[in-house]
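Here is what each chain is made of, one letter per residue.
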Amino acid sequence: MTVVYWLAYGMLGGGALLALVRLARGPSLLDRVVATDTLLVIIAAGLAVHAALARDPTLVPVLVVVSLLAFVGSVSVARYVGGMLVDPRGDGQDAGPPEAAGQRTGGTP
Amino acid sequence: MNAGPLADAVALTCLLLGSLLCLTAGLGLVRFPDVLTRMHAGTKPQVLGVLLVMIGGAIRLQGWSSTWMLLLVAVFQMLTAPISAHMVSRVAYRRRHVRRDLMVVDELGMAPPRAGEARGDEPADAAPEPG
Amino acid sequence: MSGTATDGGVAVRLRHQLPLLLWLVLVWNLLWGTWSWANLISGVAVALVVTLVLPLPPVVGGVRVRPVALLTFLGTFLADLARAGALVAWQTVRPRGIASSAILRVELRTDSDLLISIVTEAVTLVPGSMVIEIDREHRVIGLHVLSVESGEDLDRQRRSVLLTEERVVRAFGTAEEIAALQRPVQPAGRPS
């Protein structure tokens, strides 16, 4: 039992550390988004492993929150970065890929 | 409802496999060259790893309440992981966070940016644009 | 709610949103963890408030579920998940890493929002392939593939997406949509 305990936490901790390395080094914002997302998933997995090994269901609701938080966080940052493409004269909609945006606004960037 | 040693062994195997997938995800995040490939590494523990850990937890916990909640977490993950992956990778592709030199085929063939187009967050190691 | 809607309008809307209501009540009960009448009734109340305050566009066409085809789809999907997960994990760990990746265009044959969404979700959930672009008008998805070693890999990936689409349509689609699967697809990615 102790072996399983150490193995599981060791692997989870290693994964979390590597995700932190990418979070610190990642050259762009999106790299950090991906790293944060993965880190939160690893945290959720760690909470579940603790709940399972200790047979302690107290943490399970926290798990629901963490897993939803990962989704909401990465989607909102992705929308923020994508929003840099939004045409300022438009109605605030996603301008789409460059060529489509060019057609919609009459080809003048 | 008494857990036999077999159920326990299955649960522990699931937990260990899930943890191993989380470790490889971190490894992939560090080793892979660009955002899209790192995205692949990131979605893998979200799907298979979390599923395995949740199965292990559900076997170990056995209380109906927590079992259902773990099931819910797994379903949420499987519904939301593709959406966030799609949104992040779509933005990454349009922002050209992509190492084209490492790509065999690019059948979408996005046009190079026009001069003066608003460009936001570009990676420091962005591949040079053709043309 | 638009206040001038007739009773019939509200009833039609409620009928269209019934699957969503059922799903919300189910989630509410699962979150509480126990089944009781109080949870059921409060869940129905919360679901009604959520669907009326935050309305979603209705799913066009509706859903038909064929149990056998659904089981086939789920079984193959889980097998794919396990196989591709192990493969990607190995590609991560092995010393030479991944060779190179590719972006494919795949033209789907189905023309329904719901079915395209399900296909996209299933393809993205399987490690190693990820949908990065959807062109709804031309029914084309852009697919990013991790680790391509040869042209055969590309063909295999394309075929597997089309097979996934076929299984999804057989599980959820109408008869016309299943018939539309017989339409020939262009073998190459580029449109002529």
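Residues numbered from 1 in each chain as written. Chains lettered and ligands numbered in written order. Predicted model: local features only at pLDDT ≥ 70, side-chain atom pairs only at ≥ 80, totals over all residues. Heavy atoms only, no water.

## A short note on the overall build of chain B
Then, in step 1: On a plain count of helices and strands, chain B comes out with three helices and one strand.
Then, in step 2: Here chain B, with 131 residues, has 56% of them falling under the buried criterion.
Then, in step 3: Summarising the internal contacts of chain B: among those between residues at least 6 apart in sequence, 60% fall at separations of at least 24.
Then, in step 4: Within the structure as shown, chain B displays about 4900 Å² of accessible surface, and the carbon and sulfur contribution to it stands at 69%. (Helix = DSSP H or I, 4+ residues; strand = E, 2+ residues; numbered from the N terminus. Buried < 20%, exposed > 50% of the residue type's maximum accessible area, 1.4 Å probe, protein only. Contact = heavy atoms within 4.5 Å. Areas by Shrake-Rupley, 256 points an atom, 1.4 Å probe, with all protein chains shown as cover.)

## A few points about the packing of helix H2 (residues 18-32) of chain C against helix H3 (residues 37-53) of chain C
Helix-helix packing: each pair is described by the crossing angle between the helix axes and the interaxial distance.
Residue and element names in this part refer to chain C.
Then, in step 1: Direction vectors running N to C along H2 and H3 enclose 130 degrees, while the axes themselves pass 8 Å from each other. Classified by the angle their axes make, H2 and H3 are oblique. Of the two possible hands of crossing, H2 and H3 adopt the one that is right-handed. Side by side, H2 and H3 meet where Leu20, Leu21, Leu24, Val25, Trp28, Asn29 and Trp32 of the first sit next to Asn39, Leu40, Ser42, Gly43, Val44, Val46, Ala47, Leu48, Val50 and Thr51 of the second.
Then, in step 2: Class assignment for the residues of the contact of H2 with H3 results in twelve nonpolar, five polar and no charged. (Axes fitted to C-alpha atoms, helices over the stretch in contact; angles between N-to-C directions. Parallel < 35°, antiparallel > 145°, perpendicular 65-115°, else oblique. Left-handed = near helix turned anticlockwise from the far one by under 90°. Nonpolar A, V, L, I, M, F, W, Y, C, P; charged D, E, K, R; others polar.)

## Details of the packing of aromatic side chains
Then, in step 1: For the structure shown, the criterion picks out five aromatic pairs over all chains.
Then, in step 2: Considering the side-chain rings of Trp28 of chain C and Trp32 of chain C, the 6.2 Å spacing of their centres and the 65 degrees angle between planes classify their relative orientation as edge-to-face. One end of the pair is Trp28 of chain C and the other is Trp32 of chain C, both in helix H2 and four residues apart, which spans about a single turn.
Then, in step 3: Here a set of aromatic residues connected by ring pairs shows up, and it is made of Tyr5, Trp6 and Tyr9 of chain A. (Phe/Tyr/Trp six-rings, centres within 6.5 Å; stacked < 30°, edge-to-face > 60°.)

## Some words on the layout of surface pockets
All names here are of chain C.
Then, in step 1: Its boundaries defined by the atoms lining it, the second largest pocket holds a volume of some 650 Å³.
Then, in step 2: Lining the second largest pocket are 29 residues, with Arg83, Ala84, Arg156, Gln157 and Ser160 sitting closest to its centre.
Then, in step 3: If one sorts the elements of the lining of the second largest pocket by residue count, helix H6 (residues 151-172) sits on top with nine residues.
Then, in step 4: Looking at the lining of the second largest pocket residue by residue, the class counts come to 15 nonpolar, seven polar and seven charged. (1 Å grid on protein atoms, 1.4 Å probe; cavity = no way out; pocket = protein on both sides within 12 Å on 5 of 7 lines; lining within 4 Å. Points joined across faces, edges and corners; volume = space filled by probe spheres on them.)

## Details of a nonpolar patch on the surface
Then, in step 1: A contiguous nonpolar surface patch, about 480 Å² in accessible area, is contributed by Trp68, Leu71, Val75 and Leu79 of chain B together with Trp23 and Leu26 of chain C.
Then, in step 2: For the nonpolar patch, the element with the highest residue contribution is helix H3 (residues 64-94) of chain B, accounting for four residues.
Then, in step 3: Following the sequence through the fold, Trp23 of chain C ends up in helix H2. (Patch = residues over 30% accessible without salt bridge, like charges linked within 9 Å, V, L, I, M, F, W, Y side chains within 5 Å. Salt bridge = Lys/Arg side-chain N within 4 Å of Asp/Glu carboxyl O.)

## Some thoughts on the pairing of strand E3 (residues 140-145) of chain C
All names here are of chain C.
Then, in step 1: Among the six residues in E3, six count as buried, and that is most of the element.
Then, in step 2: The alternating pattern of E3 places Val140, Gly142 and His144 on one face and Ile141, Leu143 and Val145 on the opposite face, and all of these are buried.
Then, in step 3: Of the strand pairs in this sheet, strand E1 (residues 101-107) and E3 are connected by six bridges, and their pairing is antiparallel. Within E3, the residue paired with Ala102 across the bridge is Val145. (Pairing = 2+ DSSP bridges.)

## Digging into the UniProt feature "transmembrane region" (unreviewed entry) in chain C
Residue and element names in this part refer to chain C.
Then, in step 1: According to UniProt, the feature "transmembrane region" (unreviewed entry) maps to residues 12-31, 37-56 and 68-90 in the numbering used here.
Then, in step 2: With 85% helix and 0% strand, the stretch residues 37-56 has end C-alpha atoms that lie 27 Å from each other.
Then, in step 3: Along residues 68-90 one finds 100% helix and 0% strand; the C-alpha atoms at either end are 33 Å apart. (UniProt positions renumbered as here; feature names shortened; annotations may be inferred.)

## Looking at the interface of chain A and chain B
Then, in step 1: Of the residues lining the interface, 55 residues belong to chain A; the matching set on chain B comes to 55 residues.
Then, in step 2: Contact between chain A and chain B buries roughly 4900 Å² in total, counting both sides, with carbon and sulfur atoms accounting for 74%.
Then, in step 3: On the surface where chain A and chain B come into contact, there are two salt bridges.
Then, in step 4: The residue Asp31 of chain A makes a salt bridge to Arg38 of chain B at a minimum N-O spacing of 2.2 Å.
Then, in step 5: At the boundary of chain A with chain B, the tally comes to seven residue pairs in polar contact (both at pLDDT 80 or more).
Then, in step 6: Every element with two or more residues in the side of chain A that touches chain B is listed here: helix H1 (2-25), helix H2 (29-53), helix H3 (60-83) and helix H4 (98-104) of chain A.
Then, in step 7: Per element, the largest residue contribution to the side of chain A that touches chain B is 16 residues, and it comes from H2 of chain A.
Then, in step 8: The residue inventory of the side of chain A that touches chain B, partitioned by class, reads 38 nonpolar, nine polar and eight charged. (Buried area = accessible area lost by both parts, 1.4 Å probe. Polar contact = N/O pair within 3.5 Å; in protein donor to acceptor, adjacent residues only side chain to side chain.)

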